[in-house]
Amino acid sequence: MKKTVSIKENKDFKRLYYRGKSVAAGCLVVYYRQNPYPFCRLGLTVSAKVGKAVVRNRVRRLIRESYRIMEDGVRKSMDIVVVARSSAAAADFRAVRASLSEAFLRAGLINGE
RNA sequence: CAAGUGAGCUAAACAGCCGCGGCGGCGCUGACGCGCCGGUGAGGAAAGUCCGAGCUUCGCAGGGCAGGGUGCCGGAGAAAUCCCGGUGGAGGCGACUCUAAGGAAAGUGCAACAGAAAUAAACCGCCGCGUUAUGCGGUAAGGAUGGAAAGGCGGGGCAAGAGCCCACCGGUCCCCGGGUAAUCGGGGACGCUAUGUAAACCCCACCCGAAGCAACACCGACAGGGGCAGCGAUUUGCCCGAUCCAUACCCCGAAGGGUGGCUUGAGCCGCGGGGAGACCCACGGCCUAGACAGAUGGCUGUUCAAGACAGAACUCGGCUUACCGGCUCAGUUGGGAA
RNA sequence: GCAUCCGUAGCUCAGCUGGAUAGAGCGUCAGACUCCGACUCUGAAGGCCGUGUGUUCGAAUCACAUCGGAUGCA
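Residues numbered from 1 in each chain as written. Chains lettered and ligands numbered in written order. Predicted model: local features only at pLDDT ≥ 70, side-chain atom pairs only at ≥ 80, totals over all residues. Heavy atoms only, no water.

Enquirer: Give a detailed account of the sheet that holds strand β3 (residues 28-34), specifying residues and quantitative values.
Expert: Judged by pairing direction, the sheet is mixed, and its five strands sit side by side in the order β1-β4-β5-β3-β2 without closing on themselves. Strands at the two margins of the open sheet, each flanked by one partner only, are β1 (5-6) and β2 (21-25). Judged from the seven bridges that link them, β3 and strand β5 (residues 78-84) form a sheet pairing that is antiparallel. Its bridge partner being in β5, tyrosine 31 is matched across the sheet by valine 81. Contacts from helix α3 (residues 93-107) reach β2, β3 and β5, with the element oriented near 140° to β2. (Pairing = 2+ DSSP bridges. Helix = DSSP H or I, 4+ residues; strand = E, 2+ residues; numbered from the N terminus. Contact = heavy atoms within 4.5 Å. Axes fitted to C-alpha atoms, helices over the stretch in contact; angles between N-to-C directions.)

Put into structure tokens, the structure is as follows:
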């Protein structure tokens, strides 16, 4: 399996917020846009509004784990940024996974088989 | 048994599958990398950044002023405002806890209201003289106000009083003794002038170059332009001194990636010894995160006391704050029984 | 990593330096005016001054600690 490539540059984030499309579901917001690479790139944004360092770390791990599970079904060559809302602080893994899959489905990033 | 005080320890555990960051080994590959195996992977506060250091850099760091810090004594320690022990003071029945604790006869400022008067005294009262009366003088013992009223209390003394005189207590100074010292105990001298506030300005003593791992070093890439003997630079401010100045320095622009720094250290654990303690010494053992958008997660099952506060980012020593509980030790007070 | 500022009435702020009465505007409530409402006028209520400890005779003010919020530089 390929390793998940992450978005690191601030200008990449800025471009997605500016040019990309967005879908909100549950405790998450997903921005996505076509990229020129043959793989997907994932970026995570968990701001200080969500909580303290422990809470933010936990939210990041839950999102990353949810993405890992459904990564193989995602359309290729997409830049994806997942933004956590403040309600994500209280969510468990099942709620995060449900929110992410709903957002991906509505965005057309995965097939709703 | 109940209440309370102080000190310390701990911070759910186990199994299976999938997944993540370093490290080591093996294999594949021209290389970037990829795969497999092994082992390892957050805290007592990692937090706040309130102190102190190591380390690194800065045209060398020199002086003065300003500014800041500290302020009983001794010790420990690399150092510190921390820590340990003690002295004085405050609180508590007590175990014990707290304590920015130099100087108010160097100077300045402030002290509302009340009160006659607030650093200076005569409102009432008391006494003397005089008078019809108003008054003049003496007096801080009494009244009243206040946080504070010219040391307190008793006696003598006096017209009434007053350290005016005396004893005791308090204060200051000296001597003797204990203690390394702060200081304590005893004795003597001095009638005693000195309200409080220095976390008001201040005075005295001692200390302080600055910036911080995004420091900094090296490599790679790149494109240059402007200023510069002065109103320049030399790391808080001001002045002086000293030093530097064209392959230097400053400003603007471009590029903003890699490696090191980065974890062996005032290190941790065990045992023994010294000390009242902080701590120190000897011996043995161990290597225990090192990322760079930043690694510990998910699912399933079992057990229990049902899992709090909380996530390393150069590293240590302290302090402070957050915290479900559990456990251990040592004192105290009250009650009961023997 | 370093540095600075701010917490006062329901809201926005004074007052702090230089200590003794907590005040202004908007809002709220009551009354007046009006047939009714708005405007206007009059009056009232509303504060443990973020928290704790200390200094002082006395603390919103001074000092220290702490909690929360905001900002700046690298």
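There's plenty left to go through after this.
Enquirer: Which residues make up the pattern of salt bridges, and what values do they have?
Expert: One side chain can pair with another of opposite charge once the charged atoms of both are near each other. Applying the stated criterion to the full structure yields three salt bridges. Between aspartate 79 and arginine 41 there is a salt bridge, and its shortest N-O distance comes to 2.9 Å. Remark: arginine 41 occurs in strand β4 (residues 41-45) and aspartate 79 occurs in strand β5; sequence separation between them is 38 residues. Accessibility classification places aspartate 79 together with arginine 41 in one group, the buried group. A salt bridge links glutamate 65 to arginine 68; the nearest nitrogen and oxygen atoms lie 2.8 Å apart. Pair noted here: glutamate 65 and arginine 68 are both in helix α2 (residues 53-70), with a separation of three residues, about one helical turn. Classification of glutamate 65 by relative accessible area gives partly exposed; the value is 30%. (Salt bridge = Lys/Arg side-chain N within 4 Å of Asp/Glu carboxyl O. Buried < 20%, exposed > 50% of the residue type's maximum accessible area, 1.4 Å probe, protein only.)

Enquirer: Can you lay out the pairing of β3 for me, pointing to particular residues and giving the numbers?
Expert: Bridge analysis of β2 against β3 gives five bridges, and the strand direction is antiparallel. Looking at β3, one finds that valine 23 is bridged to valine 30. What sits between β2 and β3 in their antiparallel hairpin is a turn of two residues, with glycine 26 showing a positive phi close to 60°.

Enquirer: Can you lay out α2 for me, pointing to particular residues and giving the numbers?
Expert: Taking 1.5 Å as the rise per residue, α2 with 18 residues should run 26 Å; its terminal C-alpha atoms sit 26 Å apart, in good agreement. Of the residues making up α2, those classed as buried are Val59, Leu62, Ile63, Ser66, Tyr67 and Met70. One face of α2 carries all of its buried residues, which in axial projection span an arc of 130°. Residues of α2 that are exposed and point more than 90 degrees away from the buried face comprise Val54 and Arg61. (Expected span 1.5 Å × (residues − 1). Arc of directions from axis to C-beta.)

Enquirer: Tell me about the packing of α2 against α3, residues and numbers included.
Expert: At their nearest, the axes of α2 and α3 sit 9 Å apart, and the two run at 55° to each other. Put simply, α2 runs oblique to α3. Of the two possible hands of crossing, α2 and α3 adopt the one that is right-handed. Residues Leu62, Ile63, Glu65, Ser66, Tyr67, Ile69 and Met70 of α2 touch α3, and the partners they reach there are Phe93, Val96, Arg97, Leu100, Ser101 and Phe104. In terms of residue class, the contact of α2 with α3 is built from nine nonpolar, two polar and two charged. (Parallel < 35°, antiparallel > 145°, perpendicular 65-115°, else oblique. Left-handed = near helix turned anticlockwise from the far one by under 90°. Nonpolar A, V, L, I, M, F, W, Y, C, P; charged D, E, K, R; others polar.)

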